[in-house]
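Below, each chain spelled out in residue letters.
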Amino acid sequence: MPSFEPMLEVTLKNYPKKNAAHVSYGTAGFRMKWDDSLDYIVYRVGILAALRSQDKTAVIGVMITASHNPISDNGVKIVDPYGEMLEAHWEKFANKIINCSDEELAGVIQSIINESNINSSQTPQVYVGMDTRPSSKRLSAACLAGVETMGGKVADFGFVTTPQLHYMVWSYNSKSTHQPTMEGYYRKISDSFKRFLKLCKHTQSISAPVTIDGANGIGALKAGELQTYLGDSLSLKVVFDGTAGVLNDQCGADYVKSKQTSPVGLDTLAGERYASVDGDADRVVYYYKSKDDVFHLLDGDKLAILMTSYLKRLLNTSKMSDALALGLVQTAYANGASTDYITQQLDVPVACTKTGVKHLHHAALDYDIGVYFEANGHGTIVFSKSANNLIAEAASRADASTEEGVAVLKLHALSEIINQVVGDALSDIVVIEAILADENMSMEDWDKQYTDLPNVLTTVKVEDRSVIQTTNAERTVTNPEGLQAAIDNLVAQVSRGRSFVRPSGTENIVRVYAEAGTKDEANKLATGVVSLVKEMCN
Ligand code: 16G
Ligand code: ZN
């Protein structure tokens, strides 16, 4: 009998399979409305994470969260050794282990062990974290039971943001000098930020606070902790901190981005900076109110352009632009004006990938310095190993009395403020604040880098979203036949038109995006494409 079986017999009784419906590991792991059937899923994910740990001889992470979704949802996803999303081949194992019956479970575990040649004598090590949902604690306990079933050891980090858990896993496995502890995480950001500020002409500290909408979730709690490390170098004023409101309810990054308005109840003042994070703090958008009382959103595209244009300048001044290739990665949702600006005005190459962080992250690794952002605010900057080494080495001998030397030191500090492992709202905010301070830029200045083309993002309910198939990073429909030609025809009828449709990866709907030279044209295009989808897909 395999060594895990006696223990499995004991723990399985507490986590019997409750859901007959097939579930699959998607871009967000397993995610659904919470009811007690999620318990067995997370228990089995704990088992799988332990197997993955033995497979990679490394610490593996499990994060319990449903991100920007309502408080009644929850979910779970696995973090691979260097903080990446779970490898595709193992997503198949995840589907197998979750969808088999209780009776089949031992056999499925054994088949994964056999197929991956896992050495079962190693002790699995799993890091577990959770968001602030009421259901998260019991799910975390279920995960622990799963890991322990396989004889594994758990480090339970309790309430953490998703990027913090990714950081811990990466930091431990890569033996980073930045410790796999909360203190290590905060010190990495705050020490490098303070170093950066000392190199800036305009300011030694940023006096005006940035207001952070914590979505009534974990981001609020952790922004508060980060503040204690930042001291008076940067003031984070946290609102929607969970003391009164409900998680992600009329606040948070998803609300602000999709409704294009500030959170309900937040009294915005002209000239001030605001940022909203989502329920697990891996997404962020900025916004401000202009003097004429108009709300202006600075979404993931605007963040990406600010970071990319600033990096481009630093590379030029530091005379490192020949050695380090800079590039930007976006998805089809990126506003066309942002892509035009960065390619035409700044001469930085842009790649486009499918939706989902892992695709962008992967593509960004093709550059020495790759900036990637989804328009919804997921994103970060990744540096290749050799870029990190080159920058660290140049910084160690940089002459701070020259412009060139200062640029090298700033580049080095930025590479440490940013969470290179995964998009991280808190570290993204600190990077944006660093750039705005150094450039002495107001929100208006930032917003003026380019003007968004008017756009519409809407959804269509269809019977079966899988009838829509796409290629070319989701920008071209291959099925149903004729749909793409019909979309092209509508696009040709408006100025600067662009439109695409894709099946959602998270809900049973089709998403439609349209942009054009004027708001009327964008609306007209969207309406036309929605009709086409309804006609041809139902
Ligand atoms: C998931 C993805 C997010 C993407 C969204 C698209 C991760 C961590 N999250 O939340 O990047 O924007 O799905 O949803 O990859 P959709 O397929 O329903 O449009
Ligand atoms: Zn999220």
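If you're wondering where the values come from, they're calculated on a predicted model, not measured in any experiment.

Could you give an account of the sheet that holds strand β1 (residues 30-33), naming the residues involved and the relevant values?
Taken in spatial order, the 5 strands of this open sheet run β1-β3-β2-β4-β5, and their pairing is mixed. Each edge of the open sheet is held by one strand with a lone partner, namely β1 and β5 (153-159). Taken over all neighbouring pairs, the strand axes of this sheet differ in orientation by 15° on average, direction set aside. Of the strand pairs in this sheet, strand β2 (residues 59-64) and strand β3 (residues 73-79) are connected by 4 bridges, and their pairing is antiparallel. Along β3, the bridge assignment pairs M63 with K77. Where helix α5 (residues 136-149) meets the sheet, its contacts fall on β2, β3, β4 (125-130) and β5, and the angle it forms with β4 comes to roughly 175°. Along the sheet, helix α6 (residues 162-173) makes contact with β2, β3, β4 and β5, crossing β2 at roughly 175°.

So what's going on with helix α1 (residues 5-12)? Residues and values would help.
Taken together, the buried positions of α1 are L8, T11 and L12. In an axial view of α1, the angular spread of the buried residues amounts to 95°, which keeps them on one side of the axis. Opposite its buried face, α1 presents the exposed residues E9 and V10, each directed more than 90 degrees away. Residues of α1 that are buried in the fold lie against α2 (37-56), α4 (102-115) and α5.

For the pattern of salt bridges, give the residues involved together with the corresponding values.
Using the criterion set out here, one finds 26 salt bridges in the structure. A salt bridge links R187 to E183; the nearest nitrogen and oxygen atoms lie 3.0 Å apart. Here R187 and its partner E183 are both found in helix α7 (residues 182-198), 4 residues apart, which amounts to about one turn of the helix. A salt bridge links K289 to D293; the nearest nitrogen and oxygen atoms lie 3.1 Å apart. Accessibility expressed as a relative area gives 19% for K289, which makes it buried.

Tell me about the environment of L234, residues and numbers included.
Secondary-structure assignment places L234 in strand β7 (residues 234-239). Expressed as a C-alpha distance, the spacing of L234 and R283, which sit 49 residues apart in the sequence, is 20 Å. With near-sequence residues (within four places) excluded, L234 lies in contact with F193, I206, V210, Q227, V430 and E433.

So what's going on with the site of ligand 1? Residues and values would help.
Neighbouring ligand 1 are 13 residues, the closest being E374, S504, G505, T506 and R511. Take V357: an N or O atom from its main chain is 3.1 Å from an oxygen atom of ligand 1. In the model, an oxygen atom of ligand 1 is placed 2.5 Å from a nitrogen or oxygen of the S504 side chain. Contact with the protein chains hides 90% of the accessible area of ligand 1, taken as 450 Å² for the molecule alone. Split by residue class, the shell around ligand 1 holds 1 nonpolar, 8 polar and 4 charged. Both domains that furnish three or more residues to the shell around ligand 1 are identified here as domain 3 (300-424) and domain 4 (455-536).

So what's going on with the side chain of S504? Residues and values would help.
Relative to the helices and strands, S504 is located in the loop between β18 (498-503) and β19 (509-515). S504 sits in the buried class, given a relative accessible area of 5%. In this structure the side chain of S504 is engaged in a polar contact, spanning 2.9 Å, whose partner is the backbone nitrogen of T506. Among the polar contacts listed, one links the side chain of S504 to the backbone nitrogen of E507, at a separation of 2.8 Å.

Calculation notes
- Residues numbered from 1 in each chain as written.
- Chains lettered and ligands numbered in written order.
- Predicted model: local features only at pLDDT ≥ 70, side-chain atom pairs only at ≥ 80, totals over all residues.
- Heavy atoms only, no water.
- Pairing = 2+ DSSP bridges.
- Helix = DSSP H or I, 4+ residues; strand = E, 2+ residues; numbered from the N terminus.
- Axes fitted to C-alpha atoms, helices over the stretch in contact; angles between N-to-C directions.
- Contact = heavy atoms within 4.5 Å.
- Buried < 20%, exposed > 50% of the residue type's maximum accessible area, 1.4 Å probe, protein only.
- Arc of directions from axis to C-beta.
- Salt bridge = Lys/Arg side-chain N within 4 Å of Asp/Glu carboxyl O.
- Near = heavy atom within 4 Å.
- Polar contact = N/O pair within 3.5 Å; in protein donor to acceptor, adjacent residues only side chain to side chain.
- Areas by Shrake-Rupley, 256 points an atom, 1.4 Å probe, with all protein chains shown as cover.
- Nonpolar A, V, L, I, M, F, W, Y, C, P; charged D, E, K, R; others polar.
- Domains from an automatic or database assignment.

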